[in-house]
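Each chain, written out:
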Amino acid sequence: MINRLKVFDCTLREVGYQTGWYFDDEFVRSVYKFAQGKGIDYVELGFFHNTEADPGKGCYRYCSTKNEEILSVLKTIKNITKISAMRDIQRPLAELLPQKESAVDTIRILTRSHETDFTVLEQRVDECMELGYEVFINFTSAGYNSPEKNREFISFAAKKGVHAIEFADTESVMTEEYVVRTIEECHESGVECGVHLHDKNGTAEKLADLALERNADYMDVTHLGLGGKWRDGNLTMEYLFHKMGVNGGYEATMVKNQLIEQLIKYHAHSAAE
């Protein structure tokens, strides 16, 4: 936790679009050790995709079926910083392991706002909770949601008792008024709220400032702001650290250099459009 705000380092999941979720073991360990040392709460690996329906990617695309490989990379250094992965419920899924057997502590259920079927979402939330995971819901393409739609999402999250609800500005269309209203309505309903800001239009920093002022509970960042299916970038780790008075130091420089090396090494596996 940094100054009350809880932070997700999404570098591995987001940059995975450019590397096909292939990363050197030492780089993954560097990302985790940096997060642990700087008080970052979560490192997000990737997804729980089905290897048969979505073949040919690195192990962090398949956080269930490649669990042993992932454990072998992280088990000697894993500490307080939690490991998360996304469960994209509109894509082919692999069967989940019980949390006590998994490298992953936290599942963020990804559902595209306009495709959300609450019956299916409830089944997935229940499944993850019953297996012992900490559960978030991430609504993507959320910037297009009406206030009424968001209230429906918030009501569902409150009813199910999920750890938090997060709104992703996938298309960089959120306005300042949207951010203020959404955070306020979450808190009025007793639901913790996070934001995931893409930066297609150069608005991520302005909206992040506002989210911090309005006491958002969670925020997603990546090193250098890199990543995204459309190479559109994210809120940068560096900007958030500057706002929060955290010095990334030499360790941050090393991780950023390693990140560029990974992009060069594994570029041939890019899944970005």
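Here's what I pulled together on the structure shown here. (Residues numbered from 1 in each chain as written. Predicted model: local features only at pLDDT ≥ 70, side-chain atom pairs only at ≥ 80, totals over all residues. Heavy atoms only, no water.)

### Overview of the overall build of the chain
Here is step 1: Counting its regular elements, the chain contains nine helices and eight strands.
Here is step 2: Its C-alpha radius of gyration of 17 Å places the chain within 12% of the 19 Å reference for a compact globule of 273 residues.
Here is step 3: C-alpha atoms of the chain, sized along the principal axes, occupy 45 × 40 × 35 Å.
Here is step 4: Considering only contacts within the chain whose residues lie at least 6 apart along the sequence, 76% involve residues at least 24 apart. (Helix = DSSP H or I, 4+ residues; strand = E, 2+ residues; numbered from the N terminus. Rg over C-alpha atoms; globule rule 2.2 N^0.38 Å. Contact = heavy atoms within 4.5 Å.)

### As for helix H2 (residues 25-38)
Here is step 1: With 14 residues, H2 extends 20 Å between its outermost C-alpha atoms, agreeing within 8% with the 20 Å of an ideal straight helix rising 1.5 Å per residue.
Here is step 2: Buried within H2 we find Phe27, Val28, Ser30, Val31, Tyr32, Phe34 and Ala35.
Here is step 3: Positive phi appears at Gly39, one or two residues downstream of H2, with a value of about 80 degrees. (Expected span 1.5 Å × (residues − 1). Buried < 20%, exposed > 50% of the residue type's maximum accessible area, 1.4 Å probe, protein only.)

### Observations regarding the pairing of strand E6 (residues 164-169)
Here is step 1: With six of six residues buried, E6 lies mostly within the body of the structure.
Here is step 2: Residues Ala164, Glu166 and Ala168 of E6 are buried on one face, and the alternating residues Ile165, Phe167 and Asp169, pointing to the opposite face, are buried as well.
Here is step 3: Two elements, strand E5 (residues 134-140) and E6, share four bridges in a ladder whose sense is parallel. In the strand pairing of E6, Phe136 is matched with Ala164.
Here is step 4: Between the parallel elements E5 and E6, the chain passes through helix H5 (residues 147-160) in a crossover that is right-handed.
Here is step 5: Two strands pair when backbone bridges link them, and E6 and strand E7 (residues 193-197) are joined in this way by five bridges, in the parallel orientation. Paired with Asp169 across the two strands is Leu197, which belongs to E7. (Pairing = 2+ DSSP bridges. Right-handed = clockwise from strand over helix to strand, strands pointing away.)

### As for the sheet that holds E6
Here is step 1: Taking strand neighbours around the barrel as the criterion, the eight strands line up as E1-E2-E3-E4-E5-E6-E7-E8 in a closed arrangement whose pairing is parallel. Taking each pair of neighbouring strands and ignoring which way they run, the sheet shows an average axis angle of 25 degrees.
Here is step 2: Here strand E2 (residues 42-47) pairs with strand E3 (residues 82-88) via four bridges, running parallel. Looking at E3, one finds that Glu44 is bridged to Ser84.
Here is step 3: Together, E6 and E7 form the strand contacts of helix H6 (residues 176-188), whose direction differs from that of E6 by roughly 170 degrees.
Here is step 4: Together, E6, E7 and strand E8 (218-221) form the strand contacts of helix H7 (residues 204-213), whose direction differs from that of E7 by roughly 170 degrees. (Axes fitted to C-alpha atoms, helices over the stretch in contact; angles between N-to-C directions.)

### Let's talk about the nonpolar core
Here is step 1: Core analysis: the biggest nonpolar cluster contains 79 residues, and Tyr60, Ile165 and Phe167 have the highest contact counts within it.
Here is step 2: The dominant element in this core, judged by the number of residues it contributes, is H2, at six residues.
Here is step 3: Sequence-distant contacts of Ile165, that is, excluding residues within four places in its chain, are made with Ile137, Phe139, Phe153, Ile154, Ala157, Cys186, Val191, Glu192, Cys193 and Gly194. (Core = buried A, V, L, I, M, F, W, Y, C linked by side-chain atoms within 4.5 Å.)

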